[in-house]
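Next come the chains, spelled out residue by residue.
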Amino acid sequence: LLILALPIWLLGELIVHPKSSPASIRSWWRSTIIPLFKKHKPMTIVLYIILLSSANFFSSWTWLCSLAYISITANQALFSTLCAFVLVLSTLAGAEKITISKLIAVIAATIGSVMLFLAPEASPLAAFKSAATGGDLSDDASSSLMSSEGSPAIDVKGWVWGCTLVIISTATYALYEI
């Protein structure tokens, strides 16, 4: 409630005493806030604020919940695909057009994310492959993913759930960004 009260108080002060506010605030007020209120009703603006705040909260919450299921490396590798989500969703919303330079940048970022995601310490794939083939688990990255009996120490359902939570978080934050 306090988070909503402070901006509303500031807007009230700027409406009541526009001459006493600094020039930069008056300029920002004239170029941003007044057109916004001319275009939308105040209740619509409050609903936008509530919707954006809820999207940001939900994104943060799902991101934090995913940490219980997957490593921070895998979490960040998946979340770093945010640029691809933003490009696709902003294109679907009509806010941006896909250009060659944007496409190359998103592909390069996604390749980097995939490389991080497939790193042995981020993914259980190395441990499952090694356990299935009866391979040597002497290296630290693979052995940390194995239990003392030699079976995978990773909960596959939990890992999939954690990845799903990060993808939901990324998509929600992409909606918040556009």
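Report follows, based on the coordinates.

What counts, and where the lines are drawn
Residues numbered from 1 in each chain as written. Predicted model: local features only at pLDDT ≥ 70, side-chain atom pairs only at ≥ 80, totals over all residues. Heavy atoms only, no water. Helix = DSSP H or I, 4+ residues; strand = E, 2+ residues; numbered from the N terminus. Buried < 20%, exposed > 50% of the residue type's maximum accessible area, 1.4 Å probe, protein only. Contact = heavy atoms within 4.5 Å. Areas by Shrake-Rupley, 256 points an atom, 1.4 Å probe, with all protein chains shown as cover. Salt bridge = Lys/Arg side-chain N within 4 Å of Asp/Glu carboxyl O. Phe/Tyr/Trp six-rings, centres within 6.5 Å; stacked < 30°, edge-to-face > 60°. Core = buried A, V, L, I, M, F, W, Y, C linked by side-chain atoms within 4.5 Å. Axes fitted to C-alpha atoms, helices over the stretch in contact; angles between N-to-C directions. Left-handed = near helix turned anticlockwise from the far one by under 90°. Nonpolar A, V, L, I, M, F, W, Y, C, P; charged D, E, K, R; others polar. Expected span 1.5 Å × (residues − 1).

1. Digging into the overall build of the chain
- Scanning the chain for helices and strands turns up nine helices and zero strands.
- For the chain, the succession of helices and strands along the chain, N to C, is α-α-α-α-α-α-α-α-α.
- In the chain, which comprises 178 residues, the share counted as buried stands at 24%.
- In the chain, the share of contacts with a sequence separation of at least 24, taken over all contacts with a separation of at least 6, comes to 60%.
- Looking at the chain as shown, the accessible area adds up to about 11700 Å², and 72% of this sits on carbon and sulfur atoms.

2. Describing the pattern of salt bridges
- Summed over the entire model, instances satisfying the criterion amount to one salt bridge.
- Residue Lys102 pairs with Glu96 through a salt bridge whose shortest N-O separation is 2.7 Å.

3. Some words on the packing of aromatic side chains
- What the rule picks out here adds up to three aromatic pairs.
- Ring centres 6.1 Å apart and planes at 35 degrees place the aromatic pair Phe58 and Trp61 in the tilted group. One end of the pair, Phe58, and the other, Trp61, are both in helix 3 (residues 42–66), three residues apart, so they sit about a helical turn from each other.
- With a centroid separation of 5.4 Å and an interplanar angle of 40 degrees, the aromatic rings of Tyr173 and Tyr176 are classed as tilted.

4. Quick notes on the nonpolar core
- Counting 12 residues, the largest nonpolar core consists of Ile70, Ala74, Ala77, Leu78, Phe79, Leu82, Val86, Phe117, Trp159, Cys163, Val166 and Ala174.
- Of all elements in the fold, only helix 4 (72–79), helix 5 (82–92) and helix 9 (156–177) reach the threshold of two or more residues within this core.
- Ignoring any residue separated from it by four or fewer positions in sequence, one finds Ala174 in contact with Leu82, Phe85, Val86 and Leu89.

5. Considerations on the packing of helix 5 against helix 6 (residues 100–117)
- Where helix 5 contacts helix 6, the axes come no closer than 8 Å and their chain directions differ by 145 degrees. The handedness of the crossing between helix 5 and helix 6 is left-handed. Mapping the contact onto sequence places Cys83, Ala84 and Leu87 in helix 5 and Lys102, Val106, Ala109 and Thr110 in helix 6.
- Its residues assigned to classes, the contact of helix 5 with helix 6 shows five nonpolar, one polar and one charged.

6. Focus: helix 3
- Taking 1.5 Å of rise per residue, the 25 residues of helix 3 would be expected to cover 36 Å, and the 36 Å separating its terminal C-alpha atoms lies within 8% of that figure.
- Three or more residues of helix 3 are buried, namely Ile45, Ala55, Ser59, Thr62 and Ser66.

7. Here's the deal with the environment of Ile45
- With respect to the secondary-structure elements, Ile45 resides in helix 3.
- Look at Ile45 and you get buried, because its relative accessible area is 11%.

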